[in-house]
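Geometric and topological summary
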Amino acid sequence: ELVYLLLEGVISEHRDGLQEVDEGDSCHFSTHAREGEHKAASPLPGSEHCTSLYRLKLRRFLGWSLAKYDPERMVEFLPKRAFRYEHALLLGRLGRHADALKILYYDLNSMQEALLYCDRRRKEVVEAKMEQNGALNVPLQLKADLSMDPSLNSLRGAASSCPYLPLVSVALTSSEDPAEATAKAIEVISMRRDVIDQSAALRMLPPATPMRAVARRFLIPALIQGESQMRRLTLAAALLRADYIELRRALTDAQIRSQSVLRCVPALRALDLGECLRVSPPLRVRPLHDHYAAPAAARPDVAVVKHAFARHLVLQAEVRNASPRTLGEVAFLVAESSDDAMLSPLTVVKLPTLPPHTTGSTWVVLSCPYKASMEGMVVVLTCELRYTVLSMVDSAGVLTTGMGAQGMGVGQTFMEELQDIEIRHSDLE
């Protein structure tokens, strides 16, 4: 019904305009045209500007993908000679894009309208693909960048889905002179070289097409654009990787700071330890043996803090990584207790990552059910530190993944026996 109303408006306004020309002379028509130009901001019914608006609305409605009408019925109903552009829109709605492009390119003699028709088709394909991939809620600038990516809608992968190839085919048959027709097809390819399926479009050209006819207008600009795009993408990838590394470093630092506070460790909160009764000063523990020829600066420093609770003893091992290595799965372990009945390991909380020149905490919870019976006793704990070398930076500042200069292989796990720790009754009170 809306199409019929718009057609009635177009026809009636067109008839009124012809009557005004017939009733008046050419001077009156010129005066009317000038008055219409001054009143273009608020057109009146019957004016020429109002008629163009009706026609524009009709075209917008016919080209709207969500419009509910029968295109086959509209093709039969609409006068073809007076509404050629509208017929092209209806043929496109029926999927007859080649016939629609012939009307725009041959009958209307407008390559620009044919290109705009293909642009609208490509926009619909891109939006459908982005909706399928869940990319409709991205920012506008990013959405514009994605819409210019030919690989997003598989236009480069499938020639049948490229909306510009039918226009190339129409241009190749636009003239009886093969050279002129080929020149027009090359013009179409060059005007949309950033989004067209380039390989498929070049294969459509006649085999006898000279290289000089394609090089200046298409190949050279395409190569320059491709090289420029490659540099932009390389730079963008480097910037994104730098941002990712910085965010990962900030996340690691936040996790390390959070695990250094007893009340912030989820595994310790789940034990419901109760109120902390005593916190001892840090006790530095040293390795018992040298397992590799390395300077003392390459070894992690460990300081143990004792947290006494009513029925538990929590050992906090503050590990300082002074080496250029990144350590992972850092764990302070109680390998053996001289009296398991008095003190026995219950839970170990590892440190997932410890970057170079950083201090983090790993925890050991020991069960202490008979605290009163420990008076006058000393329980000796045999401790060790285990960790895995994740990465290493050499003296030149280069990240290495093999054996370093100190024989520390990436991916290897090391265990260092530490000095024994003595637990007295006074440490628990």
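**As for the confidence of the model for the chain**
Residues shown with low pLDDT carry predicted positions that ought not to be read at fine detail. Looking at the chain as a whole, its pLDDT mean stands at 77, while 75% of the residues score no less than 70. Here helix H2 (residues 26-38) stands out as the least confident element of the chain, with mean pLDDT 35; helix H9 (residues 165-172) is the most confident, with 93. Note that pLDDT drops below 50 for residues 17-51; the model gives that stretch 18 contacts with residues more than four away or on any other chain. Across residues 140-144 the pLDDT falls below 50, and counting only partners more than four positions away or on other chains, this stretch makes four contacts in the model.

**Topic: helix H5 (residues 84-93)**
For H5, the buried fraction is high: eight of the 10 residues fall into the buried class. Three or more residues of H5 are buried, namely Tyr85, Glu86, His87, Ala88, Leu89, Leu90, Leu91 and Gly92.

**Considerations on the packing of helix H6 (residues 97-107) against H9**
Across the interface, H6 lies against H9 with an axial gap of 9 Å and an inter-helix angle of 50°. Relative to H9, the element H6 lies oblique. At the point where H6 passes H9, the crossing takes the right-handed sense. On H9, the residues touching Ala98, Leu101, Lys102, Tyr105 and Tyr106 of H6 are Pro166, Leu167, Val170 and Ala171.

**Quick notes on the nonpolar core**
If you look at the biggest cluster of nonpolar residues, it comprises 44 residues, and the most contacted ones within it are Leu167 and Ile196. Here Leu167 is in contact with Leu101, Tyr105, Ala114, Leu115, Cys118 and Val188, once residues within four sequence places are set aside. Grouped together as the second largest cluster of nonpolar side chains are 32 residues, Leu315, Leu343, Leu351 and Val379 included.

**A look at the packing of aromatic side chains**
The full count for this structure, using the stated rule, is three aromatic pairs. Judged by centre distance (5.7 Å) and plane angle (35°), the ring pair of Phe61 and Tyr69 falls under tilted. Taking the relative accessible area as the measure of exposure, Phe61 reaches 15% and is therefore buried. Taken together, a centroid distance of 6.0 Å and an interplanar angle of 70° make the contact between Tyr105 and Tyr106 edge-to-face. Accessibility expressed as a relative area gives 7% for Tyr105, which makes it buried. Classification of Tyr106 as partly exposed rests on a relative accessible area of 32%. A cation sits over an aromatic face here: Arg93 above Tyr69, 4.7 Å from the ring centre.

**Here's the deal with H9**
Within H9 the residues assigned to the buried category are Leu165, Leu167, Val168, Val170 and Ala171. Where the residues of H9 are buried, they touch H6, helix H7 (111-132), helix H10 (178-191) and helix H11 (198-204).

**Side note on the packing of H6 against H7**
Where H6 meets H7, the closest approach of the two axes is 7 Å, and the angle between their N-to-C directions is 150°. With respect to H7, the element H6 is oriented roughly antiparallel. Every pair of crossing elements has a handedness; the one defined by H6 and H7 is right-handed. Residue-level contacts link His97, Ala100, Leu101, Leu104 and Tyr105 of H6 to Met111, Glu113, Ala114, Tyr117, Cys118 and Arg121 of H7. Its residues assigned to classes, the contact of H6 with H7 comprises eight nonpolar, one polar and two charged.

Conventions used here
- Residues numbered from 1 in each chain as written.
- Predicted model: local features only at pLDDT ≥ 70, side-chain atom pairs only at ≥ 80, totals over all residues.
- Heavy atoms only, no water.
- pLDDT = per-residue confidence, 0-100.
- Helix = DSSP H or I, 4+ residues; strand = E, 2+ residues; numbered from the N terminus.
- Contact = heavy atoms within 4.5 Å.
- Buried < 20%, exposed > 50% of the residue type's maximum accessible area, 1.4 Å probe, protein only.
- Axes fitted to C-alpha atoms, helices over the stretch in contact; angles between N-to-C directions.
- Parallel < 35°, antiparallel > 145°, perpendicular 65-115°, else oblique.
- Left-handed = near helix turned anticlockwise from the far one by under 90°.
- Core = buried A, V, L, I, M, F, W, Y, C linked by side-chain atoms within 4.5 Å.
- Phe/Tyr/Trp six-rings, centres within 6.5 Å; stacked < 30°, edge-to-face > 60°.
- Lys NZ or Arg CZ within 6 Å of the ring centre and 35° of its normal.
- Nonpolar A, V, L, I, M, F, W, Y, C, P; charged D, E, K, R; others polar.

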